[in-house]
Amino acid sequence: MAKTGIFAALASALAAALLPACDAVNLPRIQPGITTAAEVLERMGEPGYRHGNADGTATWEYSRQPNGTQCYMISFDKRQIVSRLEQVLSDEYFARVQPGMSRDEIRRLLGAPATHVVFPNLREEIWEWRIEGMPVMDLTYFSVSFDADSGLVKKVGRRVEVRG
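What counts, and at which threshold
- Residue numbering note: each chain is counted from 1, following its sequence as written.
- Only residues with pLDDT of at least 70 get local features here, since the model is predicted, and only at 80 or more are side-chain atom pairs given and counted; chain-wide, interface and lining totals rely on the full set of residues.
- Hydrogen atoms and water are omitted, and side-chain values are computed over all heavy atoms in the structure.
- Secondary structure counts use DSSP, requiring at least four H or I residues in a row for a helix and at least two E residues in a row for a strand, with both numbered from the N terminus.
- Each residue's exposure class comes from its accessible area (1.4 Å probe, protein chains only) as a fraction of the maximum for that residue type: buried when under 20%, exposed when over 50%, partly exposed otherwise.
- Between two residues, a contact is recorded if the distance between any of their heavy atoms is within 4.5 Å.
- Think of it this way: a Phe, Tyr or Trp ring, Trp meaning its six-membered ring, pairs with another when their centres are within 6.5 Å, and the plane angle makes it stacked under 30 degrees, edge-to-face over 60, tilted otherwise.
- The pairing criterion for strands is at least two bridges between them, as found by DSSP.
- The axes used here are C-alpha line fits, helices contributing only the stretch in contact, and every angle between their N-to-C directions lies in the interval 0 to 180 degrees.
- Any Lys or Arg side-chain nitrogen found within 4 Å of a carboxyl oxygen on Asp or Glu counts as a salt bridge.

Peer 1: Would you mind showing me how to read the environment of Tyr 72 here?
Peer 2: Secondary-structure assignment places Tyr 72 in strand 3 (residues 71–76). Its relative accessible area of 11% is what places Tyr 72 among the buried residues. For the pair Tyr 72 and Asp 23, spaced 49 residues apart in sequence, the C-alpha to C-alpha distance is 9.8 Å. The residues contacting Tyr 72, other than those within four sequence positions of it, are Asp 23, Leu 27, Trp 60, Glu 61, Tyr 62, Arg 64, Leu 85, Glu 86 and Gln 87.

As structure tokens, this is what we get:
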């Protein structure tokens, strides 16, 4: 039984280590205007979440959280052809986060967070995404603080966890 647990842990660690390598191979082959939804599923697997858009189209979320620093949103037109592929954990998207936005709007914009913590005494909930930062040895996070009562964004920030 212990060997099975060790094997499962090693397999999980190996899969996490190889995931970015798979992205490096698969993402360049996903071309807007050409690649179909079926081809995306074949290359990338099942998305972490399928967002429905108001116009009847869809955007699929491929988050690499909590260990990675990317979240890819792949949008499709009504014919199920890729219309856009974006890495949303970037300054361009962080700048779109504004006070008063809802949890759903933030999830749709940035994908699933790496962590979320509730602080009842502060009446606050904080979501964090691991992002690329400097120096690369340190861990950098983008955070969004929500008011626990309203569920709306109060503030945003960055946090750096210095590693030895």
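Peer 1: Can you help me understand the packing of aromatic side chains in this one?
Peer 2: The relation between two aromatic rings is expressed through the spacing of the ring centres and the mutual angle of the planes. Inspection of every chain in the model, using the stated rule, returns five aromatic pairs. Ring plane angle 10° and centroid distance 4.1 Å describe the contact between Phe 94 and Phe 142, whose orientation is recorded as stacked. Note that Phe 94 is positioned in helix 3 (residues 91–94) and Phe 142 in strand 7 (residues 139–147), a separation of 48 residues in sequence. Residue Phe 94 is classed as buried on the basis of its relative accessible area of 6%. In this structure Phe 142 comes out as buried when scored by relative accessible area, which is 4%. Where Trp 127 meets Trp 129, the ring centres are 6.1 Å apart and the plane angle is 65°; that geometry is what we call edge-to-face.

Peer 1: Can you help me understand the sheet that holds strand 7 in this one?
Peer 2: Strand pairing in a sheet relies on backbone hydrogen bonds, with the paired strands running either antiparallel or parallel. Spatially, 5-6-7-8 is the arrangement adopted by the four strands of the open sheet, whose pairing is antiparallel. Each having just a single partner strand, strand 5 (115–119) and strand 8 (153–161) make up the two edges of the open sheet. Direction aside, the axes of adjacent strands within the sheet are offset by 20° on average. Bridge analysis of strand 7 against strand 8 gives eight bridges, and the strand direction is antiparallel. When the sheet's bridge partners are listed, Leu 139 is paired in strand 8 with Glu 161. Strands strand 6 (124–131), strand 7 and strand 8 of the sheet are contacted by helix 4 (residues 103–110), whose axis makes an angle of about 0° with strand 6.

Peer 1: Help me understand the pattern of salt bridges in this model?
Peer 2: A side chain of one charge can pair with a side chain of the opposite charge when the charged atoms of the two come close. Counted by the stated rule, this structure contains 12 salt bridges. Among the salt bridges present, the one from Glu 92 reaches Arg 96, with a minimum N-O distance of 3.0 Å. The residue Asp 149 makes a salt bridge to Arg 123 at a minimum N-O spacing of 2.5 Å. Separated by 26 residues along the polypeptide, Asp 149 in the loop between strand 7 and strand 8 and Arg 123 in the loop between strand 5 and strand 6 bring together distant segments of the chain. Looking at Arg 123, the relative accessible area reads 45%, which means it is partly exposed.

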